[in-house]
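# Descriptive analysis of the structure
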Amino acid sequence: MNQGRKIRVAVVFGGQSPEHAISCAGGGAMLAAIDRDRYDVIGVGILPDGRWVLTADEPERLAIAGGEMPSVESVADPGARTVPWAAPGAGDVPVPGALSTAEPGAIPRELSEVDVVLPILHGPFGEDGTIQGLLELAGIRYVGAGVLASAVSMDKEYMKLIFMARGLPVGPFVVVRDRDWQPSPGGGASPSAAEARKPVLDAIAELGWPVFVKPARGGSSIGTSKATDLAGLHEAIETARRYDPKVLVEKAIEGREIECAVLEGLAGGPPDTSVPGQLLVDGGEDFWDFEAKYLDEASGMAIPAPIPAEDREEIRRLAAAAFEAVSCEGLARVDFFYTRDGAILLNEINTIPGMTAASYFPKMWEASGLPVPQLIDRLITTALHKRPGLR
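## So, the nonpolar core
Membership of the largest hydrophobic core comes to 36 residues, with the highest contact counts inside it found for Val9, Val11, Phe13, Met30, Leu263, Phe361 and Ile380. Elements supplying a minimum of two residues to this core: strand S1 (7–14), helix H1 (20–33), strand S2 (39–46), strand S6 (116–120), strand S11 (255–263), helix H10 (360–367) and helix H11 (372–384). Per-element accounting of this core gives the leading share, 6 residues, to H11. In this structure, Val11 is in contact with Gly27, Met30, Leu31, Val41, Ile42, Gly43, Val44, Leu118 and Ile120, ignoring residues within four places of it in sequence. Formed by 27 residues, the second largest nonpolar core is a distinct cluster that contains Ile315, Ala319, Ala322 and Ala332.

## Considerations on the side chain of Glu19
Residue placement: Glu19 occurs in the loop between S1 and H1. For Glu19, the residues in contact, after removing those within four places along its chain, are His122, Gly123, Gly218, Gly219, Ser220 and Ile222.

## Digging into the confidence of the model for the chain
Per-chain confidence: the chain averages 86 in pLDDT, with 84% of residues scoring 70 or above. pLDDT under 50 marks residues 77–100. Its contacts with residues more than four places away, or in other chains, come to 40 contacts. Counted against residues more than four places away or in other chains, residues 292–296, with its pLDDT under 50, gives 19 contacts.

## Looking at a nonpolar patch on the surface
On the surface, Tyr158, Leu161 and Met164 cluster together to form a nonpolar patch covering roughly 280 Å² of accessible area. You can see Leu161 is positioned in helix H4 (residues 156–165). On the basis of relative accessibility, which here comes to 37%, the residue Leu161 falls in the partly exposed class.

## What about the pattern of salt bridges?
Under the definition given, this model contains 22 salt bridges. Measuring nitrogen to oxygen at the nearest pair gives 3.8 Å for the salt bridge that ties Glu238 to Arg197. Of this pair, Glu238 sits in helix H7 (residues 230–241) while Arg197 sits in helix H6 (residues 193–205), and the two are 41 residues apart along the sequence. Using a relative accessible area of 18% as the deciding quantity, one classes Arg197 as buried. Between Glu250 and Lys214 there is a salt bridge, with its nearest N and O atoms 2.8 Å apart. A residue pair is termed long-range when its members are at least 10 positions apart, and Glu250 in strand S10 (residues 247–251) and Lys214 in strand S8 (residues 211–215) qualify at 36 residues. What makes Glu250 buried here is its relative accessible area of 7%. Connected through shared salt-bridge partners, Asp155, Glu157, Arg177 and Lys246 make up one network.

Cut-off values and rules
- Residues numbered from 1 in each chain as written.
- Predicted model: local features only at pLDDT ≥ 70, side-chain atom pairs only at ≥ 80, totals over all residues.
- Heavy atoms only, no water.
- Core = buried A, V, L, I, M, F, W, Y, C linked by side-chain atoms within 4.5 Å.
- Buried < 20%, exposed > 50% of the residue type's maximum accessible area, 1.4 Å probe, protein only.
- Helix = DSSP H or I, 4+ residues; strand = E, 2+ residues; numbered from the N terminus.
- Contact = heavy atoms within 4.5 Å.
- pLDDT = per-residue confidence, 0-100.
- Patch = residues over 30% accessible without salt bridge, like charges linked within 9 Å, V, L, I, M, F, W, Y side chains within 5 Å.
- Areas by Shrake-Rupley, 256 points an atom, 1.4 Å probe, with all protein chains shown as cover.
- Salt bridge = Lys/Arg side-chain N within 4 Å of Asp/Glu carboxyl O.

Structure (structure tokens):
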């Protein structure tokens, strides 16, 4: 990198997952907050069909406003020409100000000219190691977890298995795979749907009621619901299966939901953790669902979490341990349950936590003395110090 110029950063957002809109809102927040005196910034959106687009630098059009959710298309000039990207070195040049596109799997050539990518992508095809692997192959530095940590943390089954192997506390759960829920095709001696489901339903019954049912590789509570009986369970599993053929069923844990933000340690040191916060659901929702997270102004977070100081410190310790258990890098948000008797259970780790104006990862760091522009500086600086290849 030429020390005589600004650092070039590409903020990548959107994507092909059901969390497209949340990713767009987060990308807009980062475009608005990043220090333009230090960085040259380009916005790169990924459309739901997988095409990559160079977007207008108008982050205000990516905000959640009046209950309306943004999209990559919302930062496209309606009169812009669409110009296909050519391979690097080819003669086609995008028209200035146009919405320029690359086909699915093809990266806009601008990415080869940046110093670092800041991916604000959630869910499959973004947070799960796929874009991380693409950037690794292209030799482009990026903010956040690598391929393994991203993939493991996206799949809640394997995330929990690793936590358990490291001796970290998690709640009881059952995995429902596609073959557990529907009989194999072919007829003959194949079991009926009821026969195929009996073993997994018996395992779920041992969890007790109620249970929470969610896509195993989803986020933002999309496809997540609460079941209080067998009929509700079937409906909840079918809802989750619309987003992922692999479903996680978890025993409902009574108590509070606590979050803690984590950053990779400086100069190879241990991870740094924020002041933990407690989620507050005050809008009538039954749990911390999509509405409570992004649309309900009555919901929020108490920072610091109103629990004993020694328990807040234990949550910070466990958050750092979870970060290291999955070999995370860059940043993460770790979510916990805090029971009525003071027990602390890990719920999950998010390697690309929400970055919208309503998200609590940046709010917890701000409450810990690290405002958003400085938080972005640290993420970018950490990424630039990464060596390419295995580490």
